[in-house]
Amino acid sequence: MKKTRAVITGVQGWVPDYILTNRELETMVDTSDEWIVTRTGVKERRILKGEDKGTSVIGIHAVNELLKKTGTDPKDIDLIICATVTPDMPFPATANIIADGVGATKSYSFDISAACSGFLYALTMGSQFIETGMHKKVIVVGADKMSSIIDYQDRATCIIFGDGGGAVLLEPTTEEIGVMDSLLHSDGSGAPYLHMKAGGSRRPATYETIAAREHYAFQEGSTVFKFAVTNMAEVSANIMKKNNLASEDVAWLVPHQANKRIIDATANRMGIGPEKVMLNIEKYGNTTAGTLPLCLWDYESQLKKGDNIILAAFGGGFTWGAIYLKWGYDPK
Ligand code: UT7
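Now for a description of the structure that goes with this document. All figures in this text were calculated on a predicted structure; none of them were measured in a lab.

## Some remarks on the overall build of the chain
So, step 1. The helix and strand inventory of the chain stands at 11 helices and 13 strands.
So, step 2. Its C-alpha radius of gyration of 19 Å places the chain within 12% of the 20 Å reference for a compact globule of 332 residues.
So, step 3. With respect to the three principal axes, the spread of C-alpha positions in the chain is 60 × 45 × 35 Å.
So, step 4. Looking at the chain as a whole, 55% of its 332 residues are labelled buried.
So, step 5. Long-range contacts, defined as pairs at least 24 residues apart, comprise 76% of the intrachain contacts of the chain with a sequence gap of at least 6.
So, step 6. Counting every atom, the chain has about 14,300 Å² of accessible surface; 52% of that belongs to carbon and sulfur.
So, step 7. Treating the 34 positive side-chain charges of the chain as one cloud and the 39 negative ones as another, the clouds have centres 3 Å apart.

Right, here's the structure in full:
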């Protein structure tokens, strides 16, 4: 009997309209367009403005459009997994709100918190539910409203992050396509270098935590950079080796968009030229769990059935990993 795999049968991204440019950031913190572009590759990022708008807004837009373009009835969705570190609220799960917003009334849903690697974790988990035969249609969302936890007085973080995300539909196949393999890692000893100090159970919100600006993402950039370069490159090389893939076998690298220098180092280690590397950091910045589906969405029209694709990410936790997949369809 042929093995059942999970294949991506559609992808859709969504970003808010407001564009925060490097020029505007120059008026907010002591930085320059030149520094940001050369050190990170980011030129602009999107910001979700408006009262009472959380990450679910991004997810609902992406999933609604995904359902439309794949001709899927929301009532046929079995499960929605949302990867995010900026949930609408601590509970209920943002995935619950997305499911309600798109009319997926027969599904159940939950969130995954694995920061920038969240989409890799969620895609791996969603695929397992398909492979076991338990579900037929699973939606995996990766989305973050990073502007809700970014300190726009902190030039070390506000220049990289932005809001946005996307979603994929997973369905079963017995063809030699789909999610082939994944390598996932985490190491909680990395927490001191990338975290949010207050607002959780350890340090609930008080006047003091707010005055001390502890409800924002804290990052020790250069330390995270070193771990990111090493681990993202290594896990990408490892998944190629494990699956006997040479550089020329790989059609695309889909790297987490945190810093162009990290992306270049990963591609170098894999022996992959820039023409095979998905890149949109210049227009969206780092959308945390949103970067990978946003890349797939931007490059969808260039992907062909059977293309070997490596997705790779590194982020808060620390968490990191890579997925090897064979693309499921030709451009429509
Ligand atoms: O997505 C989750 C995982 N996150 C990442 O992978 C991010 C990893 N880290 C990075 O991408 C980089 O560390 C940053 C982009 C955050 C910072 O770049 P860096 O090259 O590591 O800079 P740095 O923190 O080592 O700072 C170098 C210099 C410092 O000045 P001095 O001490 O050399 O005079 C900083 O004060 O650059 C200065 N600096 C800035 N200057 C202008 C730091 N931020 C800025 C800024 N504008 N925005």
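Anyway, onward from the coordinates.
## Regarding the site of the ligand
So, step 1. The full set close to the ligand counts 24 residues, and Thr31, Arg39, Arg155, Asn259 and Asn286 are the nearest of them.
So, step 2. One nitrogen or oxygen atom from the side chain of Arg155 is found 2.8 Å from an oxygen atom belonging to the ligand.
So, step 3. A distance of 2.7 Å is found between an oxygen atom of the ligand and a side-chain nitrogen or oxygen belonging to Asn286.
So, step 4. Expressed as a share of its isolated accessible area of 940 Å², the protein-covered part of the ligand is 71%.

## Digging into unusual backbone geometry
So, step 1. For the peptide bond that leads from Phe91 to Pro92, omega is 0°, which places it in the cis range.
So, step 2. Turning to its location among the elements, Pro92 is positioned in the loop between strand S4 (79-83) and helix H4 (94-102).
So, step 3. The backbone of Asp52 shows a phi angle near 60°, a positive value even though the residue is not glycine.
So, step 4. A positive phi angle, close to 55°, is found at Arg213, a residue other than glycine.
So, step 5. Note that Arg213 resides in the loop between helix H7 (207-211) and strand S10 (217-219).
So, step 6. Residue classification places Arg213 among the partly exposed positions, given a relative accessible area of 34%.

## Digging into the sheet that holds strand S1 (residues 5-14)
So, step 1. One open sheet holds the 5 strands; their spatial order is S1-S7-S6-S4-S5, and the pairing between them is mixed. Of all the strands in the sheet, the pair left with one neighbour each is S1 and strand S5 (108-112). Going across the sheet, the axis of each strand differs from the next one's by a mean of 20°, ignoring polarity.
So, step 2. As judged from the 5 bridges shared by S4 and strand S6 (residues 138-145), these two strands associate in the parallel manner.

## Some points on the sheet that holds strand S13 (residues 319-326)
So, step 1. An order of S8-S13-S12-S11 is seen for the 4 strands of this open sheet, with the pairing classed as mixed. The outermost strands of the open sheet, each flanked by one partner alone, are strand S8 (178-186) and strand S11 (252-255). Taken over all neighbouring pairs, the strand axes of this sheet differ in orientation by 15° on average, direction set aside.
So, step 2. Relative to S13, strand S12 (residues 308-315) runs antiparallel, the two being bridged by 8 bridges. Paired with Ile310 across the strands is Tyr324, a residue of S13.

## Here we look at the pattern of salt bridges
So, step 1. Counted under the stated rule, the structure contains 13 salt bridges.
So, step 2. For Lys305, the salt bridge goes to Glu175, with nearest N and O atoms at 2.9 Å. Of the two residues, Lys305 sits in the loop between helix H11 (291-299) and S12 while Glu175 sits in the loop between strand S7 (163-173) and S8, which places them 130 residues apart along the sequence.
So, step 3. For Arg203, the salt bridge identified is with Glu214, shortest N-O distance 2.8 Å. Remark: Glu214 occurs in the loop between H7 and S10 and Arg203 occurs in the loop between strand S9 (194-196) and H7; sequence separation between them is 11 residues.

Cut-offs used in this document
- Residues numbered from 1 in each chain as written.
- Predicted model: local features only at pLDDT ≥ 70, side-chain atom pairs only at ≥ 80, totals over all residues.
- Heavy atoms only, no water.
- Helix = DSSP H or I, 4+ residues; strand = E, 2+ residues; numbered from the N terminus.
- Rg over C-alpha atoms; globule rule 2.2 N^0.38 Å.
- Buried < 20%, exposed > 50% of the residue type's maximum accessible area, 1.4 Å probe, protein only.
- Contact = heavy atoms within 4.5 Å.
- Areas by Shrake-Rupley, 256 points an atom, 1.4 Å probe, with all protein chains shown as cover.
- Lys, Arg positive; Asp, Glu negative; His and termini not counted.
- Charge placed at Lys NZ, Arg CZ, Asp CG, Glu CD.
- Near = heavy atom within 4 Å.
- Polar contact = N/O pair within 3.5 Å; in protein donor to acceptor, adjacent residues only side chain to side chain.
- Pairing = 2+ DSSP bridges.
- Axes fitted to C-alpha atoms, helices over the stretch in contact; angles between N-to-C directions.
- Salt bridge = Lys/Arg side-chain N within 4 Å of Asp/Glu carboxyl O.

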